[in-house]
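Overview (structure and organization)
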Amino acid sequence: MMETEVAGLSLDQVLLVPSESNVLPNAVSLATNLSADVQEALPVIGAPAMTDLGMAQAFAENGALAVLPAGGTQLQDVQTMVADDEATLVGVEVLNEVDAFETAVMLHAAGAKLIDFVLDDNLDQAIESLRLLAQQVPPLTIMAGPVADAETARRLFETGIDLVKVAPLPGQPVYTVTTTMAVAEVASEFDAGVVLGVVLGAGIRYSGDIVKALAAGAVAVMVDTDIIGDTPADDLFQIAGGLRSGMGYTGSATIDDLRLNAQFVQITAAGLAESHPHDVELTKSAPNYAKQ
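All values derive from a computational prediction rather than experimental measurement.

The tally for this structure, following the rule as stated, stands at one aromatic pair. Look at Phe 157 and Phe 190: their rings are 5.9 Å apart centre to centre, the planes differ by 40°, and that puts the pair in the tilted class. A residue pair is termed long-range when its members are at least 10 positions apart, and Phe 157 in helix H5 (residues 150–157) and Phe 190 in the loop between helix H6 (176–188) and strand E10 (197–200) qualify at 33 residues. Using a relative accessible area of 3% as the deciding quantity, one classes Phe 157 as buried. Judged by relative accessible area, which is 22%, Phe 190 ranks as partly exposed.

Moving on to the packing of helix H2 (residues 74–82) against helix H3 (residues 100–110). Running from N to C, H2 and H3 cross one another at 25°; their axes reach a closest spacing of 9 Å. In terms of orientation, H2 lies roughly parallel with respect to H3. Along its contact with H2, which presents Gln 74, Leu 75, Val 78, Gln 79 and Val 82, the element H3 presents Met 106, Leu 107 and Ala 110. Of the residues contributing to the contact of H2 with H3, the split by class is six nonpolar, two polar and no charged.

A separate point is unusual backbone geometry. Across the chain, the bulk of peptide bonds are trans and the bulk of non-glycine residues have phi less than zero. Cis rather than trans, the peptide bond between Pro 138 and Pro 139 has omega equal to 0°. With respect to the secondary-structure elements, Pro 139 resides in the loop between helix H4 (123–136) and strand E8 (141–147). For the bond running from Gly 145 to Pro 146, omega is 10°, close enough to zero to count as cis. For Pro 146, the location among the structural elements is in strand E8.

Strand order in the closed barrel formed by eight strands is E4-E5-E6-E7-E8-E9-E10-E11, and the pairing between neighbours is parallel. Going across the sheet, the axis of each strand differs from the next one's by a mean of 30°, ignoring polarity. Inspection of the sheet shows E8 paired to strand E9 (residues 163–166) by three bridges, in the parallel sense. Bridge assignment links Ala 144 to a residue of E9, and that residue is Val 164. Sheet strands touched by H3: strand E6 (91–95) and strand E7 (114–118). Its angle to E6, the strand with the most contacts, is close to 165°.

Attention now moves to the nonpolar core. Val 44, Phe 59, Phe 117 and Leu 156 are the most contacted members of the largest nonpolar core, which totals 79 residues. Once residues within four sequence positions are removed from consideration, Leu 156 is found in contact with Leu 119, Leu 123, Ile 127, Leu 130, Ala 144, Val 147, Ile 161 and Val 164.

Looking now at the pattern of salt bridges. Pairing is possible between side chains that carry opposite charge, provided their charged atoms lie close to one another. Taken as a whole, this structure holds six salt bridges when the rule is applied. Notably, a salt bridge pairs Arg 259 with Asp 256, separated by 2.8 Å at the nearest N-O pair. With Arg 259 and Asp 256 both in helix H9 (residues 255–261) and three residues apart, the pair spans about one turn of that helix. Using a relative accessible area of 48% as the deciding quantity, one classes Asp 256 as partly exposed.

Thresholds, definitions, all that
Residues numbered from 1 in each chain as written. Predicted model: local features only at pLDDT ≥ 70, side-chain atom pairs only at ≥ 80, totals over all residues. Heavy atoms only, no water. Phe/Tyr/Trp six-rings, centres within 6.5 Å; stacked < 30°, edge-to-face > 60°. Helix = DSSP H or I, 4+ residues; strand = E, 2+ residues; numbered from the N terminus. Buried < 20%, exposed > 50% of the residue type's maximum accessible area, 1.4 Å probe, protein only. Axes fitted to C-alpha atoms, helices over the stretch in contact; angles between N-to-C directions. Parallel < 35°, antiparallel > 145°, perpendicular 65-115°, else oblique. Contact = heavy atoms within 4.5 Å. Nonpolar A, V, L, I, M, F, W, Y, C, P; charged D, E, K, R; others polar. Pairing = 2+ DSSP bridges. Core = buried A, V, L, I, M, F, W, Y, C linked by side-chain atoms within 4.5 Å. Salt bridge = Lys/Arg side-chain N within 4 Å of Asp/Glu carboxyl O.

See below:
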């Protein structure tokens, strides 16, 4: 993973440096470990804001995971998804409320594989709930966020959770590349034979952004309607193709290879425009490549 002394870099301010490569895109592995117990075939997580039962099923059918939003039919949806196959990947959102521990235990018992624990101003309460969950409810995979700084990430990893979700907070922006690198560095300090990781939960608009996020140290990214439309299976297929192309471009056969070997170069806004298709007439728009 690239070291940088430049603070405050976001995805649209960097490009990956191409490397000599013998890696063909169709030979690339897109598998990623969210924890010791949960592996995805595609390193994306569907955001709660866009996820209903149908979306969660589409993600699971394509080897990924989407997070069902808190409340409503959440419990029923989890039960529906795992009714035919208990190994189905399904995530659930849990709010930082006084009954968060009991809610998470109930959803895990119903078949949820990942808890997306939503942090708020009461960080001490959240940390206590997360510590209880991590210690008493194995093998539940736990992600907590949004987190915008490395020190908060360290406090969260100390509870025993698996993943920290990097995303902006009110008055506290996230520089998607720099902050991901910093939190990934913190995660690496907790090397005790367990898998700890970072999920970038903001700024993803193109498949190339996902490649950059993984290169910066993320194990997966959270995606929403900026990149997923009404046909998620088609969009996930295109994301997989873009990832294979980008990883082949850097000579990376696996996501671990990409994280270890990739190098960034800083670019200007004009350079970003040049890196995308331009001055061409599209006869049909790609499903997840609408001009932003």
